Amino acid sequence: MKPKWQVWANEAKAEFPKANSALLPLLHRIQTEEGYLSENTINDVAELLQLPVPYVESVVSFYSLYFQKPVGKRVIHVCVGLSCALNGSDQLMHHLEGKLGIQEGQTTQDGEVTLLEAECLAACDLAPVAQVNLRFVAPVESADALLAKEVNS
Amino acid sequence: MSQGPYLLRNQVIADIDQIDVYEANQGYQPLRKALKEYDPKALVEMVKASGLRGRGGAGFPTGMKWSFLPNDGRPRYLVVNSDEAEPGTFKDRELIEKNPHQLIEGMIISSYATGAREAYVYCRGEFLYGAAQLKRAVAEAYQHGYLGENILDSGFSLDIKVYRGAGAYICGEESALLESLEGKRGNPRLKPPFPAVAGLYGMPTVVNNVETICNLPPLVENGPEWYRTMGTEKSPGLKVMSVSGHVNRPGNYEIPLSTPLRSLIEDYAGGIKGGRQVKAIIPGGSSVPVLTADKLDTPVDYEAILAAGSMLGSGGCIVIDDQTCMVAVSARLVRFYREESCGKCTPCREGTFWMTDVLERMEAGAGNPRDLDLIRDMADNIAGKCFCPLGDASLGVVVSAMKYFEDEFEAHVTEHSCPMGARLYDTVNH
Ligand SMILES: Cc1cc2nc3c(=O)[nH]c(=O)nc-3n(C[C@H](O)[C@H](O)[C@H](O)COP(=O)(O)O)c2cc1C
Ligand code: SF4
Ligand code: FES
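What counts as what
Within every chain, residues take consecutive numbers counted from 1 along the sequence as written. Following the order in which they are written, the chains are lettered starting with A and the ligands numbered starting with 1. With the structure being a predicted model, the display of local features is reserved for residues of pLDDT at least 70 and the display and counting of side-chain atom pairs for 80 or more, all residues being used for whole-chain, interface and lining totals. Working from all heavy atoms in the structure, the side-chain values ignore hydrogens and water. Each helix corresponds to a stretch of at least 4 residues labelled H or I by DSSP, and each strand to a stretch of at least 2 residues labelled E; elements are numbered beginning at the N terminus. Based on C-alpha atoms, the radius of gyration is set beside the globule rule, defined as 2.2 Å times the residue count to the power 0.38. In this scheme, a residue with accessible area under 20% of its type's maximum is buried, one over 50% is exposed, and one in between is partly exposed, where area comes from a 1.4 Å probe on protein chains only. Whether two residues are in contact is decided by their heavy atoms, any of which lying within 4.5 Å being enough. Neither His nor the chain termini are counted; the positive set is Lys and Arg, and the negative set is Asp and Glu. Charge positions come from single atoms, namely NZ of Lys, CZ of Arg, CG of Asp or CD of Glu. Any residue with a heavy atom positioned within 4 Å of a molecule or strand is treated as near that molecule or strand. In protein, a polar contact means a hydrogen-donor-capable atom and an acceptor-capable atom, both N or O and within 3.5 Å, with residues adjacent in sequence counting only if both atoms are side-chain atoms; elsewhere, any N or O pair within 3.5 Å suffices. Following the grouping adopted for this structure description, the nonpolar residues are Ala, Val, Leu, Ile, Met, Phe, Trp, Tyr, Cys and Pro, the charged ones are Asp, Glu, Lys and Arg, and the polar ones are all others, Gly among them. The buried area of a pairing is the accessible area, by a 1.4 Å probe, that goes missing from both parts when the two are put together, added over both. Think of a salt bridge as a Lys or Arg side-chain nitrogen and an Asp or Glu carboxyl oxygen that are within 4 Å of each other. All the domain ranges listed were derived from an automatic or database domain assignment. Lines fitted to C-alpha atoms define the axes, with helix axes restricted to the stretch in contact, and inter-axis angles between N-to-C directions lie between 0 and 180 degrees. Any angle that falls under 35 degrees is termed roughly parallel, while one over 145 is termed roughly antiparallel, one within 65 to 115 roughly perpendicular, and all others oblique. Crossing handedness is defined as follows: a turn of the near helix away from the far one that is anticlockwise and smaller than a right angle gives a left-handed crossing, while the clockwise case is right-handed. Detection works on a 1 Å grid of protein atoms alone, calling trapped sets that fit a 1.4 Å probe cavities and calling open sets with protein on both sides within 12 Å along at least five of seven lines pockets, with lining residues defined by an atom within 4 Å of a point. Grid points are joined across faces, edges and corners, and a volume is the space filled by probe spheres set on the points.

Draft legend 1. View of the overall build of chain B. Of regular secondary structure, chain B possesses 18 helices and eleven strands. Here the C-alpha radius of gyration of chain B, 22 Å, is about what a compact globule of 430 residues would show, namely 22 Å. If one aligns the C-alpha atoms of chain B with their principal axes, the spans along those axes are about 75 × 45 × 35 Å. Residue burial in chain B is summarised as follows: out of 430 residues, 63% are buried. Restricting the contact set of chain B to residue pairs at least 6 apart, pairs at least 24 apart contribute 71%. Looking at chain B, you have 44 positive and 55 negative side-chain charges, and the mean spots of the two groups are 3 Å apart.

Draft legend 2. Here's a closer look at the environment of Gln29 of chain B. Residues and elements named next belong to chain B. Structurally, Gln29 can be placed in helix α2 (residues 29-37). For Gln29, a relative accessible area of 41% gives the class partly exposed. In this structure the C-alpha to C-alpha distance between Gln29 and Glu45, which are 16 residues apart in sequence, comes to 20 Å.

Draft legend 3. Representation of the site of ligand 1 within the structure. All names here are of chain B. Neighbouring ligand 1 are 17 residues; Gly56, Lys65, Asn208, Asn209 and Thr212 lie closest to it. One nitrogen or oxygen atom from the main chain of Gly56 is found 2.7 Å from an oxygen atom belonging to ligand 1. One nitrogen or oxygen atom from the side chain of Asn208 is found 2.8 Å from an oxygen atom belonging to ligand 1. It is strand β4 (residues 205-209) that provides the largest number of residues to the shell around ligand 1, a total of three residues. When the residues that make up the shell around ligand 1 are grouped by side-chain class, the tally is four nonpolar, seven polar and six charged.

Draft legend 4. Main features of the interface of chain B and chain A. Chain B puts 59 residues into the contact, and the matching count from chain A is 42 residues. When the two sides are added together, the surface that chain B and chain A hide from each other amounts to roughly 3,900 Å², 55% of it contributed by carbon and sulfur. Run the count over chain B and chain A and you get three salt bridges. Counting every contact that joins chain B to chain A gives 22 residue pairs in polar contact (both at pLDDT 80 or more). With seven residues, helix α13 (residues 326-340) of chain B is the largest single contributor of residues to the side of chain B that touches chain A. Considered class by class, the residues forming the side of chain B that touches chain A number 25 nonpolar, 15 polar and 19 charged.

Draft legend 5. Representation of the domain arrangement of chain A in the model. With domains assigned, chain A is organised as domain 1 (5-62) and domain 2 (74-151). For domain 1 of chain A versus domain 2 of chain A, the separation of C-alpha centres amounts to 29 Å.

Draft legend 6. Representation of the site of ligand 2 in the model. Among the 13 residues in the neighbourhood of ligand 2, the closest are listed as Cys342, Lys344, Cys345, Cys348 and Cys388 of chain B. When grouped by side-chain class, the residues that make up the shell around ligand 2 number nine nonpolar, three polar and one charged.

Draft legend 7. A look at the packing of helix α6 (residues 100-114) of chain B against helix α7 (residues 128-143) of chain B. Residue and element names in this part refer to chain B. The interhelical angle for the contact between α6 and α7, taken along N-to-C directions, is 60°, at an axis separation of 9 Å. As far as their axial angle goes, α7 and α6 are oblique. Pair α6 / α7 crosses with right-handed handedness. When α6 is examined against α7, the residues Pro100, His101, Leu103 and Ile104 are found in contact with a partner set consisting of Gln133, Leu134, Arg136, Ala137, Val138, Glu140 and Ala141. Of the residues that constitute the contact of α6 with α7, the class distribution is seven nonpolar, two polar and two charged.

Draft legend 8. Just the environment of Arg55 of chain B, in detail. You can see Arg55 of chain B is positioned in the loop between α3 (40-50) and α4 (62-67). A polar contact is formed between the side chain of Arg55 of chain B and the backbone oxygen of Leu238 of chain B, at a distance of 2.8 Å.

Draft legend 9. Geometry of the domain arrangement of chain B. All names here are of chain B. According to the domain assignment, chain B contains domain 1 (9-228), domain 2 (238-321) and domain 3 (326-414). Each of domain 1 and domain 2 has a C-alpha centre, and these two points are 26 Å apart. Facing 19 residues of domain 1, the contacting portion of domain 2 comprises 20 residues. Here domain 1 packs against domain 2, burying approximately 1,500 Å² in sum over the two surfaces, 48% of which is carbon and sulfur. Put simply, domain 1 and domain 2 have one salt bridge between them. One can count 14 residue pairs in polar contact (both at pLDDT 80 or more) joining domain 1 with domain 2. Along the lines of polarity and charge, the residues of the side of domain 1 that touches domain 2 split into five nonpolar, eight polar and six charged.

Draft legend 10. Looking closely at the layout of surface pockets. There is about 1,400 Å³ of room inside the largest pocket. Taken together, 49 residues form the lining of the largest pocket, with Gly56, Gly57, Ala58, Gly172 and Glu173 of chain B sitting closest to its centre. Elements with a contribution of two residues or more to the lining of the largest pocket: α4, α5 (91-98), β4, α12 (302-307) and α16 (390-393) of chain B. In terms of residues, the lining of the largest pocket owes the most to one element, β4 of chain B, which gives five residues. Space inside the second largest pocket adds up to approximately 880 Å³. Taken together, 38 residues make up the lining of the second largest pocket; nearest its centre are Tyr63, Ser64, Leu65 and Glu117 of chain A together with Glu339 of chain B. Elements supplying a minimum of two residues to the lining of the second largest pocket: α4 (53-62) and β2 (113-118) of chain A together with α13 of chain B. Per-element tally for the lining of the second largest pocket: the top contributor is β2 of chain A, with four residues.

Following this line, the structure appears as structure tokens:
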């Protein structure tokens, strides 16, 4: 456990009247720094908020944006929702898989990039849409352009 | 009376996300007016008189919802639903990213009207920027005396908190949202009790959509009669429509309700790309039935769209051209519900799983003649048998597409391939 997590836990608890409500904000804050939520981290968070470990685990596993395994420095979400699919998102995904040499759901060997599918990201006017570490990149011109700007720069 | 746009002023006023620009354009004047000239009851009456209906999907009358709060002295909460994850819908993102003060002003007015002393915005986890914009704007509003203790010397006090979910469409359903806001898994609650009676932390709670609440500042400024100069008796006022898919100018458009669908697609969104024809329109987000091109003259309002065989829903209008395979469209959308089913009940969890499988198999040319009946059978086993509306929502497009485009579904199994050549759209991951 890192000392500042205690501070963050107290801040989250102060903001929301019931301690449980501090859970999601605290998990977000820790994951942003750590990259993912390891078993140890989950134990620490449970302790900090005085919640049962299985409870924290079950919450973490419910939400798709919490990662329980290590991810790359850059997590690329490619929207495969209908409006994006009508504008070439599947082809974009295949090209990214080819260029990165990985399949959707995987991380490159050098630990740089994790490639994930996203459901509609509420930016369908900018299709095809991607997010890099939850920052919108849209419309994506091509797989090459996305990688040049977001990964190889 | 000012000229429109009213909800999308960000499209004509640069930097309106900054508080000084917002204030310079009459921002926070409606709040002053509300606090000075109205008591809470009168505001609720005004919202009732305007006929404003909730913009989150169900179209429930907002003033009526507010008047359901029990008068029993318990603390009340206002919770704004910014979970926006219904495929094809992207209006709330623009509203919070580009004009956060409008929502905050609407929330202060709504909280004053409903007696809430604490209000929350629940943003979907992917709205990292939108949530940051809101947090910054909330901090500015405190500095300028619009939030906190004794707002503008009115005696009314309010705190606003911005909360981020973590990736789950089901958290847009209001009771699942409240679970998530309480730090739990986002499983829907049994209703009743409705949130008005037992909502956040068990207290009386109003849950409203972002766009619904954004209507409050112009409504207070211009009055309910003005609101009723637009739209129809049952669907008065303005609606932000998100238009996407095969159109030349996808985007959010603020329209007076009952503007014809054709005008929305042709005049506002610039018509279909490449001079092709409309094949189908999903007018209200992925949960509603498709309309065919012969329905293009339908006015965009709650009753007319319903009479045409669909629903206005969230206003996410997905336009599909004549080169597109409706089996592929259906497969993609049912797959969405499979991914987002919370897993609590069997018909939804298993039904969306198998239905996706069959549709993707058909699209890949590996379907068999019994598949059409199989899909109908699965649909019967989902319809009306699920714990929350997500299960039924998964059927809107596939059932209607099979009705209007049955030949196309049949051709997939008789020809063992996609007759459209699966060109625009390679859905298949086999
Ligand atoms: C599966 C599901 C997802 C929903 N998603 C949203 C959403 O993202 N945003 C929203 O405002 N309402 C959503 N709703 C509707 C809410 O439950 C609720 O009716 C709405 O927030 C009420 O606000 P309104 O009266 O202002 O429309 C969803 C409902 C269901 C069943
Ligand atoms: S219908 Fe689906 S989303 Fe709703 S409670 Fe059942 S499993 Fe969960
Ligand atoms: S479908 Fe990709 S952002 Fe909506």
